[in-house]
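An overview of the molecular structure
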Amino acid sequence: MRLSITASLNPGERLGMNIYNEQGNILLSEGLTLTQKMINRLVALNIPFVYIQDSRTDDIMPKPPISGELRREALQTIEATFLEIKNGVKVNSAFTIEKAALKFTHLVRSIMEELKNSNELLTLLADVYTYDDYIFTHSFNVTLYTLALGMELKLEKKQLEVLGLGAILHDVGKMLVPVDILRKPGKLTEEEFEQIQKHPEYGFHLIKNVYTVSLIVANCAYQHHERLDGSGYPRGVRGDEIHYYGKIIAVADVFDAVTSNRVYRKAMLPHEGLEILYAGAGKKFDKQIIEAFRRAVAIYPNGLTVELNDGRKGIVSSQNEGIGDRPVVRILEEPNHKVVHPYEVDLRTDLHLLIKECLNIQENSLTL
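Sequence order as written defines residue numbering, which begins from 1 separately in each chain. Predicted model: local features are reported for residues with pLDDT of at least 70 only, side-chain atom pairs are reported and counted for 80 or more only, and whole-chain, interface and lining totals are derived from all residues. Each side-chain value is derived from all of the structure's non-hydrogen atoms; neither hydrogens nor water enter the calculation.

1. Considering the overall build of the chain
From N to C terminus, the chain includes 11 helices and 9 strands. Radius of gyration means the value over C-alpha atoms here, while the globule rule gives 2.2 Å times the residue count to the 0.38 power. Relative to the globule expectation of 21 Å for 368 residues, the C-alpha radius of gyration of the chain, 21 Å, shows essentially globular dimensions. For the chain, the spread of C-alpha atoms along the three principal axes comes to 65 × 45 × 40 Å. Residue burial is assigned from relative accessible area. The probe radius is 1.4 Å, only protein chains are included, and a residue is buried under 20% of its type maximum, exposed over 50%, and partly exposed in between. The buried share among the 368 residues of the chain stands at 55%. Once local pairs closer than 6 in sequence are excluded, the contacts in the chain between residues at least 24 apart make up 65%. Going along the chain from the N terminus, every DSSP run of H or I of four or more residues is numbered as a helix, and every run of E of two or more is numbered as a strand. Any pair of residues with heavy atoms lying within 4.5 Å of one another is described as a contacting pair.

Quick look at the structure:
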C-alpha cells in the first residue's frame, strides 16, 4: 500500500485499509473503488491521509499500535468520562475525578500491555478512524505517544502508570473552556487566547485535591505547555522547575498537535512534526526526550513515498526497531526516472543513504 493525502485522491483508486467511524463500525471497506463523492466525504470528515492499493506495494502493511477494540474502548471512555467531569464540576469534582482516575488507570495498563507486546515502531497513520471531537482523540493519541516514549526512556511500570494517567488528563482543563472558543476555525482574539491559556491551571485545580491521585498527575496538566526557556504558560517556569513528566508530555502533545488535522491547519507528516521538535531542542524541549521519541516513533511510516540522496525513489516498506528515521525502502524508480523491478534497500546498513525528501504525495511524483 502507499500513503496518499485524502484531498488528492483520484476517483477509481482503491482503498487499502478499512476506515472506521467512532463506534468502530466500517465506514468504507478495504478494496473499495473510490468515487469523487466518497473522497469529498472523507475530506469533510477531516481524515488527512489514507492508504491506497498498488500492485507493487500491496504487501506493505502498516500496523496499528493497538487493537481496534482497545482503541474504541479508550476513546469512548475518554469522551464519556470527560463529559462526566464537565457536568460534575459544580457538584463534586473531586469524586468525579477520582472515579475517572480509576477508569483511566485501567485503560493505561491495557495500552501499556499491548504496546509492550508490539515489535513495531509507533505510527498512528495506520489508524484510520473518524472522530468528531479533537480533544478526545488528542488525549488518546498523546497517551499512546507518551507511553511509547516512557518505555523508550526505561521508566518502571508504576512510573508509566502515573505518566500515562497524566497524559490522558493533560487537557482535562479544556472542559472548562467555552466550546465555541475551542472549535473556532479562525484566529483567536487576545481574550480568547487568554481563555485557552487557562486550561492547564483549570486542569491542575481539578486534579490536585483528589487525594487518591498523585500530585504529579496534576502537574502534568499544569506544565505540559511550559518550555525550558520560560516561554511557555501558564507560569513561564523554566528548566528543572518543570517536572520530567511534564517535559515528556510536552513533546508528545506538540507532535500530535502538528500531525493532526485541525480546523485552522492541515496535518503535517511525522518527519515534519519531528523537525518542529528539533527546532526547539535544548531551548523549548528536552533534547534527550526528543532523541528517545525519534527512536520510538516511525518518522517515515510504511507506505510513504520518498526520494533518497542518490536520486532513487520508492516506498517505505518496513521499520527498523529503535531507528525511527532509517527504515527499509522499496526502490521503484532509478534517478533517470526508469521504472525498475522493485528491490529493497535498508538504511540501517546502507549508512551512505539518507531520505532526501518525502515526495509530494499530493501528486503522482512516482511512476506507479
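2. Regarding the packing of helix α7 (residues 199–208) against helix α8 (residues 215–223)
Interaxial angles span 0 to 180 degrees and are taken between N-to-C directions of axes, which are lines fitted to C-alpha atoms, for helices over the stretch in contact. Relative to each other, α7 and α8 sit at 170°, their axes nearing to 7 Å. Viewed along their axes, α7 and α8 adopt a mutual orientation that is roughly antiparallel. In this structure, α7 meets α8 at a crossing whose hand is right-handed. Judged by residue contacts, Pro200, Glu201, Gly203, Phe204, Ile207 and Lys208 of α7 engage Leu215, Val217, Ala218, Asn219, Ala221 and Tyr222 from α8. Only Asp, Glu, Lys and Arg are considered charged in this grouping, and only Ala, Val, Leu, Ile, Met, Phe, Trp, Tyr, Cys and Pro are considered nonpolar; every other residue, Gly among them, is considered polar. Looking at the contact of α7 with α8, its residues break down into 8 nonpolar, 2 polar and 2 charged. Angular relationships are summarised with four words: roughly parallel below 35 degrees, roughly antiparallel beyond 145, roughly perpendicular across 65 to 115, and oblique for the angles in between. Throughout, a crossing is termed right-handed when the near helix is turned clockwise from the far one, and left-handed when it is turned anticlockwise from it by less than a right angle.

3. Examining the pairing of strand β1 (residues 2–5)
Neither face of β1 is exposed, since Arg2 and Ser4 on one face and Leu3 and Ile5 on the opposite face are all buried. Pairing between two strands is assigned when DSSP locates at least 2 bridges connecting them. For β1 and strand β4 (residues 49–52), the ladder comprises 4 bridges, and the chain directions are antiparallel. Bridge pairing in β4 links leucine 3 to tyrosine 51.

4. What to know about the nonpolar core
Among the nonpolar cores identified, the biggest contains 85 residues, and Phe82, Phe104, Leu277 and Phe293 are the most heavily contacted of them. Grouped together as the second largest cluster of nonpolar side chains are 11 residues, Leu9, Ile39, Leu42 and Leu45 included. The set of buried Ala, Val, Leu, Ile, Met, Phe, Trp, Tyr and Cys residues whose side-chain atoms join them within 4.5 Å is what this entry labels a nonpolar core.

5. Considerations on the layout of surface pockets
Estimated volume of the second largest pocket: approximately 550 Å³. Cavities and pockets were defined on a 1 Å grid built over protein atoms only: a cavity is a set of grid points that admits a 1.4 Å probe from which the probe cannot escape, a pocket is an open set flanked by protein on both sides within 12 Å along at least five of seven lines, and lining residues are those with an atom within 4 Å of any such point. In terms of lining residues, the second largest pocket is bounded by 22 residues, among which Leu115, Lys116, Ser118, Ala148 and Met151 are the most central. Those elements that provide at least two residues to the lining of the second largest pocket are α2 (68–116), α3 (134–152), α4 (157–168) and α11 (287–296). In terms of residues, the lining of the second largest pocket owes the most to one element, α2, which gives 5 residues. Residues belonging to the lining of the second largest pocket are distributed by class as follows: 9 nonpolar, 3 polar and 10 charged. Grid points are joined across faces, edges and corners, and a volume is the space filled by probe spheres set on the points.

6. Let's talk about the pattern of salt bridges
We define a salt bridge as a side-chain nitrogen of Lys or Arg found within 4 Å of a carboxyl oxygen belonging to Asp or Glu. Under the criterion given, the structure shown has 18 salt bridges. When the shortest N-O distance is used, the salt bridge between lysine 103 and glutamate 84 registers 3.8 Å. For lysine 103, a relative accessible area of 40% corresponds to the partly exposed category. Its salt-bridge partner being arginine 109, residue glutamate 161 comes within 2.9 Å of it at the nearest N-O pair. With a gap of 52 residues between them, glutamate 161 in helix α4 and arginine 109 in helix α2 connect regions that are remote in the sequence.

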